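Listed here are the chains, written in short residue letters.
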Amino acid sequence: MESPAGGPESEAVSIAAERRWTIVVVAIVALLVLMMIVTGLHWASMPPSRVETVDVKTVHVRGEFVESNLGTAVASDGKVTVRLIAQQYSFVPQCIVVPADLPVTFRGTATDAIHGFIVGRTNANTMLIPGFVSTFTTSFHATGELLMPCHEYCGTGHEAMWGRVQVLPADEFLAKARAGERLSCVPR
Ligand code: CUA
């Protein structure tokens, strides 16, 4: 039985089709929101740090990002801070030593283009932007060596821009720090 176009049957068909699409679209939105919640909680993703600026023109010659001050430092109160710089196409330092199971604060900036890094499969993950200091605090729970690739496209050498992070047992790390040994795993 054919009903005339625009008749009650074709209206019912179009309402059913619209309802199906509504369900599909709501399901997609719900899936995306769920993905945000799961990845946010699972990876403990961190909100962007507060805005802190640094002068790109003088970053190499004075202030906390001079070359001799880069790498891992243990303050007198025991706080561990890693300072690093990203530039086309390397990180300074190239290899970073951190303790396991202790909070480690990263402070980094870039000198030429936007760079970024992620450390292994941890939640240590930030962009490094010229003129701004990126900072976050995290802890590493497994010892060993982790790769630290640049994850912002920064030019033709981007895919060759890698650093390494060496996670030492906390007591070994602190013994090295107390002995005044250089807390870096790369010769300068
Ligand atoms: Cu630096 Cu990509």
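Here, the structure is the one placed above.
Since the structure is predicted, the reported quantities are computational estimates derived from the model, not experimental observations.

Chemist: How do you make sense of a nonpolar patch on the surface when you look at a structure like this?
Modeler: Residues Trp-21, Val-24, Val-25, Ile-28, Val-29, Leu-31, Leu-32, Val-33, Met-35, Ile-37 and Leu-41 make up a contiguous nonpolar surface patch of roughly 1100 Å² in combined accessible area. Along the polypeptide, Val-24 turns up in helix 1 (residues 8-42). Look at Val-24 and you get partly exposed, because its relative accessible area is 36%.

Chemist: Would you mind going over the packing of aromatic side chains with me for this structure?
Modeler: Tallied over the entire structure, the rule returns five aromatic pairs. For the pair Phe-106 and Phe-140, a centre-to-centre distance of 6.2 Å together with 65° between the ring planes defines the contact as edge-to-face. Within this pair, whereas Phe-106 is found in strand 5 (residues 104-110), its partner Phe-140 is found in the loop between strand 8 (134-138) and strand 9 (144-149), the two being separated by 34 residues in sequence. Overall, Phe-106 belongs to the buried group, its relative accessible area being 1%. An angle of 45° between the planes, with centres 6.2 Å apart, marks the rings of Phe-117 and Phe-136 as tilted. Placement of the pair is Phe-117 in strand 6 (residues 115-118) and Phe-136 in strand 8, with a sequence separation of 19 residues. The same class applies to Phe-117 as to Phe-136, namely buried. What links up through ring pairs into an aromatic cluster is the set Phe-91, Phe-106, Phe-117, Phe-136 and Phe-140.

The rules behind the values
Residues numbered from 1 in each chain as written. Predicted model: local features only at pLDDT ≥ 70, side-chain atom pairs only at ≥ 80, totals over all residues. Heavy atoms only, no water. Patch = residues over 30% accessible without salt bridge, like charges linked within 9 Å, V, L, I, M, F, W, Y side chains within 5 Å. Areas by Shrake-Rupley, 256 points an atom, 1.4 Å probe, with all protein chains shown as cover. Salt bridge = Lys/Arg side-chain N within 4 Å of Asp/Glu carboxyl O. Helix = DSSP H or I, 4+ residues; strand = E, 2+ residues; numbered from the N terminus. Buried < 20%, exposed > 50% of the residue type's maximum accessible area, 1.4 Å probe, protein only. Phe/Tyr/Trp six-rings, centres within 6.5 Å; stacked < 30°, edge-to-face > 60°.

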